Amino acid sequence: MTGRTSPTTALQVRITGLVQGVGFRPFVWRLANEECLTGHVLNDAAGVLAEVWGAPVHVDRFLDRLKSDCPPLARIDSIETKLLPEDSGPPPQDFRIISSASGAVATGIVPDAATCPNCVAEIFDPADRRSGYAFTNCTHCGPRLSIVTGIPYDRASTSMAPFIMCTECQSEYDNPVDRRFHAQPNACTTCGPKLWCEVGGANVKTDDPIAWAADRIAAGDIIAIKGIGGFHLATDATSTQAVDRLRDRKNRPHKPLAVMVQNLEQARTYCHVSDDEAELLKDKAAPIVLLRVRDDLEVFPGLSKSLAPDLTQCGVMLPYTPLHHLLMAAVPGPIVMTSGNLSEDPQVIGNQEAAAKLAQIADGFLLHDREIVNRLDDSVMRVDRSGPVILRRARGLAPAPLRLTDAFKGAPSVLALGGELKSTFCLLRDGQAVVSQHMGDLENRRVLEDFEKNRDLYRQIYVFEPNRIAIDAHPDYLSSQIGRRLAADKNIPLIEVQHHHAHLAACLAEHGISPEADPSLAIVLDGSGLGSDGTIWGGEILVGDYKGFDRAGHFLPVPLPGGAAAVREPWRNLAAHFHVAFGDDWQNQPGFAWLRQRFKDKNLSVISQMIRNGLNAPLSSSAGRLFDAVAAAIGVCPDRQSYEGQTGALLETLARPYLTDCAPYPVDVSNGNPAVFSWASFWEALLKDLQNGVAPGQVSARFHLGLIQALSRTAAKLAGERSISRIVLSGGVLQNAILADGLIKNLTETGFEVLLPRQFPANDGGLSLGQAVIAAVKPWQ
């Protein structure tokens, strides 16, 4: 701001980031008036643009306050200023909000946000005109992505379009001083969405649908509730009978169910809640947070043990819509809030769809007439020893963009299509990456339809046309097949990205590592991903960056007898590991006679033949299948897993009480290139413990500790040999907190910088980000 001698500074201010649909223009208007500035502010395709005139000290303070007083849903990525020309005319007489300008879109839609304190206060204030209203919102909270149909983000492009604002709501919408200024979902009891109840397809006569639903839930019924991003199924979380009935009807025998509590105090009544966990619960994203259930309850009854069978943690969330706040104030205790769907299907979002699909599960329905345009599952987070981690990124978190390091600003635009499971896609352009919400497994037809629909919506919202398509290298992934068709149709380059390389790159990207930085070493542990040698990988140590990688180490490949069946049935992996460690006739050796009960009614001769002849028994270095084998050995769901990751979750729970007082199992690691982790010594020690009657929890703890020791020592050795100082941890298996915490501790103490995914999941939900940044830096002829 040098070069002007006038006592008045005239400045253009460009603000980029999440600055539209969050009350940013009225915020600028208020600041400008408080600082005695004149000028104007508007939205345009790049964000928010302001021109201000005033005394230099006031202009400087205005710029400082843009950052310090930022609205709760806004995120400023950059503020750029330049002096207005000397001939720009006299200063305006006031400060105004003016109409938006058009142009190429560089901003987007902010995530849906939990109800703000002001709106909560209004719905519980008998004197307020929105008292008891289930759809109250303002520019600081409420639905965003879940209701948007296109751009520009105004009421006509949302599912609020049919609801014409009444005089009072319109007055709020038009008033820059009001916190509902240009709040697109603004509504009240007069003009907004309505609630009603149904049973058996017929309306229930009640003046208070929320009170009706609360009474039914308290009585043990299952009620389907239409929320902000989809339907939930709700019942009494303290009643094992009610929870078991829900599990039976939903065909979800073991997978944990989430719980909603009234407030933080109630959460602390039933669970241990640290300060960091409390902050996550209260965050504007309002995620499900995994909490340790208290075993010293002073209330009766406690949470049902059926919520998370054989686990010590439970997913807990606070109310995040006015409907939830009103419901939780009317029920006596915590309630189950699990996705409204049949097992493996995506969450139901429409009223007619709910009537068709949930009628056999729910005893009644709490419905409303605002359409859910875009399905959004609840986000899931956990606090580990090293900080918060995201397990599922959806409502409240997506589609907030990731600002990449400046080296990506001139990169080609990339559409990356992720993997097969936990699907997401990513749009990369102008130094930003927008990763979609979690959608699920593409093998499900409805998830695949959602994937295609959301891709088209994001393309429209962001006016996005890719220069490149990035896909997983696995030829059979549906996302990869879609990408090949798109690249052919658009006649643009297609980049195939190795699965574990994408995990490495995603972590580098979110931590702001430049493409020109020195290589990193990565420990990537997951269930499966096609390796560059054509086998299935999953226990990997890579050395690389965005541009490429070398395989510096890996778990010894072990057959997967039955292919996909081995993923579901842990006993198959145990048999395969024994075959590799002890030979083809291991089951006939005297030392294994006592283990025959583990394989009762299993046709081991067929399994041996499959392995011996290589028939439907592909080789895999999978860390996930190693966990399955250990689980089967100690009798943890040996026959079949009922949900993905069940063996890992149960082994982690069993191990925790024993971690401080047992020794790690030995793991053999070769000195070759690559280094190979093999398991014969490990299995000998584990089997000896089982023969001696060692507790399953202690066996699990020794397994975890042995894996941590072998991985951290080998990674440190390999990194040291290559003068590498940075180590990345990623892959779905590293969502195991014992493994992640142990590796971070060991490697940090050894002097390494350790990076773990924080803003995106370590599982396949982060793959699309990694694919996008790899494709963006790849040279192309």
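Residues numbered from 1 in each chain as written. Predicted model: local features only at pLDDT ≥ 70, side-chain atom pairs only at ≥ 80, totals over all residues. Heavy atoms only, no water.

A. Structural view of helix α13 (residues 499-510). Between the first and last C-alpha of α13 there are 17 Å, a value that for twelve residues agrees with the 16 Å anticipated at 1.5 Å per step. Buried residues dominate α13, accounting for twelve of its twelve residues. For α13, every residue scored as buried is listed here: H499, H500, H501, A502, H503, L504, A505, A506, C507, L508, A509 and E510. Of the residues flanking the start of α13, the one acting as N-cap is Q498, its side-chain oxygen 2.9 Å from the backbone nitrogen of H500. (Helix = DSSP H or I, 4+ residues; strand = E, 2+ residues; numbered from the N terminus. Expected span 1.5 Å × (residues − 1). Buried < 20%, exposed > 50% of the residue type's maximum accessible area, 1.4 Å probe, protein only. Polar contact = N/O pair within 3.5 Å; in protein donor to acceptor, adjacent residues only side chain to side chain.)

B. Layout of the side chain of S621. In this fold, S621 is placed in the loop between β28 (619-620) and α17 (623-633). Given a relative accessible area of 2%, S621 falls into the buried group. There is a polar contact of 3.2 Å between the side chain of S621 and the backbone nitrogen of G538.

C. Representation of helix α4 (residues 167-174) within the structure. Within the span of α4, buried status applies to C169, E172 and Y173. For α4, the angular spread of buried residues about the axis comes to 100°, placing them on one side. (Arc of directions from axis to C-beta.)

D. View of the nonpolar core. The biggest cluster of nonpolar side chains holds 108 residues, and the ones touching the most others in it are L327, L521, I523, F578, W683 and L686. Take this core: its biggest share by element is eleven residues, from helix α20 (residues 696-721). Setting aside anything within four residues of it in sequence, one finds L686 in contact with V630, A633, Y665 and V699. (Core = buried A, V, L, I, M, F, W, Y, C linked by side-chain atoms within 4.5 Å. Contact = heavy atoms within 4.5 Å.)

E. Structural detail: the pattern of salt bridges. The full count for this structure, using the stated rule, is 43 salt bridges. Taking the shortest distance from any N to any O, the salt bridge between R65 and D69 comes out at 3.0 Å. By relative accessible area, R65 is classed as buried at 18%. Salt-bridge contacts for R249 lead to D363; the nearest nitrogen and oxygen are separated by 3.0 Å. One end of the pair, R249, is in helix α6 (residues 240-250); the other, D363, is in the loop between α10 (351-357) and β15 (364-368), and 114 residues separate them in sequence. We classify R249 as partly exposed; its relative accessible area is 29%. Each of the salt bridges in this network shares a partner with another, and the network as a whole consists of R30, E34, E35, R61, R65 and D69. (Salt bridge = Lys/Arg side-chain N within 4 Å of Asp/Glu carboxyl O.)

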